[in-house]
Each structure stands twice: as C-alpha cells, then as structure tokens.
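For reference, the chains in residue letters:
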Amino acid sequence: MATATTVVTTSGTDVNKVWKIIQGELATAIQFDNAEWDMVDDFVPPEGLPFSARSVTIPLDINEGAGIASIPEGGFEARESSPNASEITVTLQQFNGRFNASLLAMYADKGEAQVKRQLLFQGAHKVRDLSRHFSDYFYGASTGYLAQINAATTATTGTYTLIGGYGVSGITASAFLSDKFRVGDYVALIRSAALVSNAIGKVGSITTSTGVVVITWNGSVVSASADYLVKANSKGNTTIDHTDYNRGLVGTIDLTTTASVHSLSSATVPAWDVAYSDTVAGRFSGSKVTRAGDEIDNKGGGRVTHLLMDQGVRRDWINLERAALRFSDPMAMETDGNVKSKGRKIMATKRVPPGYVYAFDKSALSKWALLPKPDGKFSWGDGKEYIDENAMVFRIDMPVALVCRNRRKLAYFTGQTSA
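Residues numbered from 1 in each chain as written. Predicted model: local features only at pLDDT ≥ 70, side-chain atom pairs only at ≥ 80, totals over all residues. Heavy atoms only, no water.

Mind showing me how you'd approach the overall build of the chain here?
A tally of helices and strands in the chain yields 7 helices and 19 strands. Residues counted as buried form 42% of the 419 residues belonging to the chain. The contacts in the chain between residues at least 6 apart in sequence include a share of 76% that link residues at least 24 apart. (Helix = DSSP H or I, 4+ residues; strand = E, 2+ residues; numbered from the N terminus. Buried < 20%, exposed > 50% of the residue type's maximum accessible area, 1.4 Å probe, protein only. Contact = heavy atoms within 4.5 Å.)

Where do I start with the pattern of salt bridges in this structure?
Side chains that differ in charge, positive against negative, can pair when their charged atoms come close. Applying the stated criterion across every chain, the model contains 13 salt bridges. Aspartate 109 is the salt-bridge partner of arginine 117, the closest N and O atoms lying 2.5 Å from each other. Across the salt bridge formed by arginine 291 and glutamate 295, the nearest N and O atoms sit 2.9 Å from each other. Of the two residues, arginine 291 and glutamate 295 are both situated in helix α6 (residues 286–300); the distance of 4 residues between them amounts to about one turn of the helix. By relative accessible area, arginine 291 is classed as partly exposed at 40%. (Salt bridge = Lys/Arg side-chain N within 4 Å of Asp/Glu carboxyl O.)

What exactly am I supposed to notice about the sheet that holds strand β15 (residues 357–360) here?
Whether parallel or antiparallel, the strands of a sheet pair through hydrogen bonds between backbone atoms. Sheet architecture is open: 5 strands sit in the order β12-β19-β15-β13-β14, paired in mixed fashion. Looking at strand neighbours, the two that pair on one side only are β12 (276–278) and β14 (345–349), the edges of this open sheet. Pairs of neighbouring strands in the sheet enclose a mean axial angle of 10°, with direction left out of account. In this sheet, β14 lies alongside strand β13 (residues 306–310) in parallel orientation, the contact comprising 5 bridges. Looking across to β14, one finds that histidine 306 is bridged to lysine 345. Strands β12, β13, β15 and β19 (410–413) of the sheet are contacted by α6, whose axis makes an angle of about 150° with β19. (Pairing = 2+ DSSP bridges. Axes fitted to C-alpha atoms, helices over the stretch in contact; angles between N-to-C directions.)

Looking at this structure, I do not really get a nonpolar patch on the surface. What am I missing?
A contiguous nonpolar surface patch, about 280 Å² in accessible area, is contributed by Phe51, Leu370 and Leu371. By the element assignment, leucine 370 lies in the loop between β16 (365–369) and β17 (384–385). (Patch = residues over 30% accessible without salt bridge, like charges linked within 9 Å, V, L, I, M, F, W, Y side chains within 5 Å. Areas by Shrake-Rupley, 256 points an atom, 1.4 Å probe, with all protein chains shown as cover.)

Honestly, empty space enclosed by the protein in this entry has me stumped. Any pointers?
The rolling of a water-molecule-sized probe over the atoms marks out the regions of remaining empty space. The full count for this structure, using the stated rule, is 2 cavities of 30 Å³ or more. Taken together, Thr252, Leu255, Thr256, Tyr358, Ala359, Phe360, Leu365, Leu410 and Ala411 form the lining of the largest cavity. Sorting the residues of the lining of the largest cavity by element identifies α5 (252–257), β15 and β19 as the ones contributing at least two each. Split into classes, the residues belonging to the lining of the largest cavity amount to 7 nonpolar, 2 polar and no charged. (1 Å grid on protein atoms, 1.4 Å probe; cavity = no way out; pocket = protein on both sides within 12 Å on 5 of 7 lines; lining within 4 Å. Points joined across faces, edges and corners; volume = space filled by probe spheres on them. Nonpolar A, V, L, I, M, F, W, Y, C, P; charged D, E, K, R; others polar.)

Looking at this model, I keep getting lost on the side chain of aspartate 185. Mind explaining?
Among the structural elements, aspartate 185 can be located in the loop between α4 (174–178) and β6 (186–191). Buried charge without a salt bridge: aspartate 185, with lysine 231 as the nearest opposite-charge side chain at an N-O distance of 4.6 Å. Within the structure, aspartate 185 has its side chain in polar contact with the side chain of asparagine 233 (distance 3.1 Å). The residues touching aspartate 185, leaving out its near neighbours within four places in the chain, are Gly201, Lys202, Val203, Lys231 and Asn233. (Lys, Arg positive; Asp, Glu negative; His and termini not counted. Polar contact = N/O pair within 3.5 Å; in protein donor to acceptor, adjacent residues only side chain to side chain.)

Please explain the environment of glutamine 311 as it appears in this structure.
On the secondary structure map, glutamine 311 appears in helix α7 (residues 311–324). The residues touching glutamine 311, leaving out its near neighbours within four places in the chain, are Ala348, Thr349 and Lys350.

Looking at this structure, how should I read the sheet that holds strand β7 (residues 194–207)?
Ordered in space as β4-β5-β8-β7-β6-β9, the 6 strands form a closed barrel in which the pairing is antiparallel. Each neighbouring strand pair of the sheet contributes to a mean axis angle of 45°, computed without reference to strand direction. In terms of strand pairing, strand β5 (residues 154–163) meets strand β8 (residues 212–222) through 7 bridges, oriented antiparallel. Residue pairing in the sheet places threonine 159 in a bridge with valine 214 of β8.

Looking at this structure, how should I read the pairing of β8?
A regular strand carries its side chains on alternate faces of the sheet. Two elements, β7 and β8, share 6 bridges in a ladder whose sense is antiparallel. Note on β8: the bridge partner recorded for serine 205 is valine 214. The hairpin formed by β7 and β8 contains 4 residues between the paired strands, and glycine 211 there has a positive phi angle of roughly 70°.

Got a minute to help me understand the layout of surface pockets in this structure?
By volume, the largest pocket amounts to about 970 Å³. As for the largest pocket, its lining consists of 31 residues, and the residues nearest its centre are Asn96, Gly97, Arg98, Asn233 and Ser234. At 8 residues, strand β3 (residues 93–102) tops the list of elements feeding residues into the lining of the largest pocket. Taken together, the residues of the lining of the largest pocket break down into 9 nonpolar, 11 polar and 11 charged.

See the structure below:
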C-alpha cells in the first residue's frame, strides 16, 4: 500500500481567517510640499492694514521732484514745486476649499479603528490643495489664467494641448503646464473677457509628457486656438462669476511684466516698474545676479535677498560655475556641489516658470491675509450639518493678496539656459 501524501495546511489559504489584517502607518507617497506657501511668511506684512469692502489704498512716495536753481547774489529764488504721492489699490481674493463627511463617520470616529483619523486626513489634504493653489497663483496674474489651448474644435468632451502658461506664449513646457491642473478639477474657457458658451467642465485625464488634457464640458463647446483656461471649482457651474477669471493673485508675471499693477500704471508713473529685466536667452551667472543687485540698489534702494529660479536653470548655473573653479585637492571635490550667493536665499522650485529667474528684495512684497494660515486640524465642531443629507461640510477660507509697494526692488530674467 502506498504511503499517504502529506498535505501542508497553508496559513495564507486554509486557515487565513485566524490571521488578523495588519496595516502599517499611513505613508506619504508623493511630494505635497510647496516652498512658496511657507516662503511668503518671511515677507514683510502690511502694518495693520484693515479690510474695507469699499476700497483699500496705499499711498506711495514714488515721484521725484524738480526745481532747484543756482541763483546769482540777490537774484530771484527758485520756482516753488512739490511732487504729489501716487496711490495703489489692493484687492483681496478669497480662496475657498470644502470637504464633507457623513454623520456615521463622526459617530464611529475611534482612533483604533482608523489608519489615520478620517477628519484629519481629509483636512490635511484640503490644506495641501490650498497650498498648491496659492503657490501656482504666486507666479501668475490677476486674470487667473493658468494656460491656453491650441485646438479649434467643436466637442462635448474635448482633447486639448496646453500652451501659453499663465497666458505667456514663451511658457510651453508640457510638464509645467500639466502641473497646474489635477484630474477632477473643474475648468473654464475664457475668450475676449467672456466665458465661452457651455465651457465649464471637468478634467477627466492629463497626459503630463505631452501636456494634453481631456475635458468633459457642460454642453457642446466651440473652442478657438489660444482660448484661456482657468479653474472653475465653484458649485455655481454656470457663469463667468463661477470661475477664477480675474480672481488670481497679483503674482510675479503681473509684478514684472504688466504695466498696470494694483491699479497704477508704469505708463503714468515710470518709476512704477521693475528695476531690471533681461529677456535675452543665455546662461545664468553670478554677474547677472550682481547686475540685478546694482539696479535694485540704484533704483529701488534695496538689495537682492531672494533668488527664485527654475530648477533646470540652477543646474546649469552649477555647471557653469564648476567649469571655472580650480581645486587644490580634486579628491575632495563634491560631485553635487551647489551655488551660493552671500546674503541671498536661493530657491529653485518646480513652480518657477521654465527658464525664469526672479531677483528681489523681500521687503517689496507682503502677504496680506485676514485669517490665520490654516493648518488642517479640524474637529467635528468645525463642520456644518446639511439640511437634508446626513452629513457635515467643512470649509477652509483664505482671503489673501500679494501686495507690492516698490516694483523697483524687483528684477527678472527669462530664457535662461536649463540643464
């Protein structure tokens, strides 16, 4: 008679019900941080500037006087004259984000039953979304433009290639443009300061490598090449007032390249302009930093405290500097050495437009906010119950503005070589 075969009882199949399901700690699997979100906290805040629903203005001592005479003994004295001050008008933008949770989730809110408390998880993500929104708008324009599209089509679900980041024809990098949107964002098309008919819709997919987005609209949309794309995450979902059009921050694109900033134009007041600009393509270098510093000192009475640059430009700058260095001990050379500039904070982030460098004195810029910076630490008491749904809604509000009081403390470079 043959020997009986041994059948091994496997823990993963035969007796798997006696094993517990084990979960580790919640792991952060992508990069959520945005340097701009924290950087602006270092800027000089407006001194006790209150909010008025009617108008908030700041006077500027910006106009130089004239009229000094060299006179003969006993001669006529100089003509009397005094310059007037100028004035800027600042406007807050209210950033708002919401999430909800069922009342059952509140009743069952026990820490031992959750990898991370649901409310804290949802709140942290909403603050991260707000942080990214603010950081993107930091570099943009008050129009709220994030990109343009290149397709003239008629479609209910359209496929579009993104061009013209922030509405600037020279900002074309697909990965940069794609990063301004997320699947699930609602967006709108703007043409000639008006909402294109039916053109509020939901982003269904994004192809980062090619900058292609697929959007399902509220109806049939006739798009035109160079239409502007803005966010439209408001629940209104109907008119241009339900979009972000003209609700962006006065960001770096405006501050450095737009004539009229805070309702004052450099065409009227020539001193209301950047100290220096360089739009000639080339490699960024220490001598360019020095030039920007000289111009900011000469025209704005400041110094370069911050350099914000495209990460690729920083890499090329490192390569440029390394080629010029001499080493007494080649074996001690660090292969990933960085560049430094005494007394200046160099920040290279993925949100700086490709090929751009901003040099500025931080005293020129202020973050004006009516509420404390949100931290995402919600409690159930922070929510508001729906009337008919068995759930609560939570919100984050951030009424905020970027305020510039001295454009002569700003300088910028475009078309810089990227590595």
